[in-house]
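Summary of the model geometry
The chain contents come next:
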Amino acid sequence: MNKKKTGLALAFAAVAAITAGSGLAAADPAGPPQYRQLAGVGSDTTQDVMNGLADVVTVNGQKVLGSYDATGSATITTKNPATNPNCTIPRANGSGAGRTALLSSLQNANGCLDFARSSSLNLGAASPGLTYVPFAIDGVSYAVTPGSSIPRKLAMADLKAIYHCDPNYVGAGPNYDLTVYLPQAGSGTRSFWQSQMGITEADVVAGVYPCIKDKKGTAPVQEHDGRVLDDKSIVPFSIAQYQAQSSQTIADLRGRALLGTVEGVAPTVLNTGFGVKRDVYNVIPTGKVTTSPWSDAFVGPDSGICKQSALINTYGFATSPNCGDITKQTP
């Protein structure tokens, strides 16, 4: 192991020990101040690392990030009702839902939301403009059970054949041999995995790939919850989420899920070498990139978030060499 890897491993172990000693990461903002200057919603993938960052990133000695989980109560209250009485809003589940909620808040000028978490990049037109600020790198693999009929080692060509409902892989319909899952609509992991598999949301919704499901019974498939799996099903899974659940840094929802090896590369912690990888982002209003506290918390390699590389590693993510970059902006 070279010195760089040794240093990362030691950082991971040290912060993991701190996290383990203090229990699982808190859901929704905890501790004073109850209402933070910067409230954010969205991605399930990054909610836990952002909860952890919200506990340590300060501006002028005060916590400024309020990160609200993707699931939980139907509504959240993001700002003090005494000054912002209309900020009890629906909880946003997923990157797409977070972006939509942020845009709605900005368009209504109600001050209820100030950023969104996103595990996918969407530079489609937005008004007002948005900036996707990367802060970490995640890998995405597929998950199956120990007794699965699906091999634990697959090539990308095999995965694409499965997600294209090739009968040589999934059997003949309508009663397919495999259940091929995608996470819930609006999930960043869903859109990222679709892009990797060479399928589109429009075609999935239209039933072009009839073996694909995003519900188990009537319940939507929540991303990174391995309890949806049986021995004849497959689902994409964030490597960072899997590792953080495995280490008990966050709640363990893996069930019997095991991650697969893709193109001969095993899914591991600090996964910059994994072939199926992505940047993860915080989305902020472009008009605020030079304004405190957005600039202090998110922007540039010396921002409050980018200084927390060891904590980011604790949650299973690799640190991004482009942390704090502001060049990815919507038209």
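Evaluation of the coordinates by the stated rule reveals 10 salt bridges. In this structure, the salt-bridge partner of aspartate 114 is lysine 79, at a minimum N-O distance of 2.9 Å. A residue pair is termed long-range when its members are at least 10 positions apart, and aspartate 114 in the loop between helix H3 (95-108) and strand S7 (115-118) and lysine 79 in the loop between strand S5 (75-77) and strand S6 (88-90) qualify at 35 residues. In terms of burial, aspartate 114 and lysine 79 fall into one category: buried.

Buried residues dominate helix H8 (residues 239-246), accounting for 7 of its 8 residues. Buried residues of H8: Ile239, Ala240, Gln241, Tyr242, Gln243, Ala244 and Gln245, and no others. Along its buried surface, H8 packs onto helix H2 (47-54), strand S8 (130-144), strand S14 (233-238) and strand S15 (258-259). Two residues or fewer past H8, glutamine 248 is found with a positive phi of approximately 65°.

At the junction of serine 127 and proline 128, the peptide bond is cis and its omega measures out at 0° in the coordinates. Cis geometry marks the peptide bond from serine 292 to proline 293, where omega comes out at 5°. Tracing the backbone shows proline 293 in the loop between strand S17 (277-285) and helix H9 (294-298). The residue histidine 224 is not glycine, and still its phi comes out positive at about 65°. Considering the arrangement of structural elements, one finds histidine 224 in the loop between strand S13 (219-220) and S14. Positive phi values are uncommon outside glycine, yet glutamate 263 reaches one of about 55°. Position of glutamate 263 among the secondary structure elements: in the loop between strand S16 (261-262) and S17.

Remark: helix H4 (residues 156-163) packs on helix H6 (residues 188-197), axes separated minimally by 9 Å, with the N-to-C direction vectors making an angle of 110°. The pairing of H4 with H6 is recorded here as roughly perpendicular in orientation. Where H4 abuts H6, its residues Met156, Leu159, Lys160 and Tyr163 lie against Trp193, Gln196 and Met197. For the contact of H4 with H6, the residue count by class is 5 nonpolar, 1 polar and 1 charged.

The two faces of S7 match: Phe115 and Arg117 on one face and Ala116 and Ser118 on the other face are all buried. In this sheet, S7 lies alongside strand S1 (residues 38-42) in parallel orientation, the contact comprising 3 bridges. Residue pairing for S7: glycine 40 is matched across the bridge by phenylalanine 115.

Once that is clear, we can look at the nonpolar core. Core analysis: the largest hydrophobic core is formed by 37 residues, its most contacted members being Tyr142, Leu159, Tyr163, Val180, Trp193, Ile212 and Ile234. Elements with a contribution of two residues or more to this core: S8, H4, strand S10 (179-181), H6, S14 and H8. When neighbours within four sequence positions are excluded, tryptophan 193 is seen to be in contact with Val140, Ser141, Tyr142, Leu159, Tyr163, Leu182, Pro236 and Val276. One finds Ala54, Phe115, Trp294 and Leu311 within the second-largest nonpolar core, a separate group that totals 30 residues.

Before going further, it helps to spend a moment on the pairing of S8. Taken across its 15 residues, S8 has 15 buried, putting it largely inside the fold. Examined bridge by bridge, S8 and S17 share 9 bridges and lie antiparallel to one another. Across the sheet, aspartate 138 pairs through a bridge with arginine 278, a residue of S17. Judged from the 2 bridges that link them, S8 and strand S18 (residues 318-319) form a sheet pairing that is antiparallel. When the bridges of S18 are listed, alanine 136 appears paired with threonine 319. For S8 and S15, the ladder comprises 2 bridges, and the chain directions are antiparallel. From the neighbouring strand, valine 144 faces S15, where its bridge partner is leucine 258.

About the criteria used
Residues numbered from 1 in each chain as written. Predicted model: local features only at pLDDT ≥ 70, side-chain atom pairs only at ≥ 80, totals over all residues. Heavy atoms only, no water. Salt bridge = Lys/Arg side-chain N within 4 Å of Asp/Glu carboxyl O. Helix = DSSP H or I, 4+ residues; strand = E, 2+ residues; numbered from the N terminus. Buried < 20%, exposed > 50% of the residue type's maximum accessible area, 1.4 Å probe, protein only. Contact = heavy atoms within 4.5 Å. Axes fitted to C-alpha atoms, helices over the stretch in contact; angles between N-to-C directions. Parallel < 35°, antiparallel > 145°, perpendicular 65-115°, else oblique. Nonpolar A, V, L, I, M, F, W, Y, C, P; charged D, E, K, R; others polar. Pairing = 2+ DSSP bridges. Core = buried A, V, L, I, M, F, W, Y, C linked by side-chain atoms within 4.5 Å.

Scope: geometric values only; no functional claims are made or implied.
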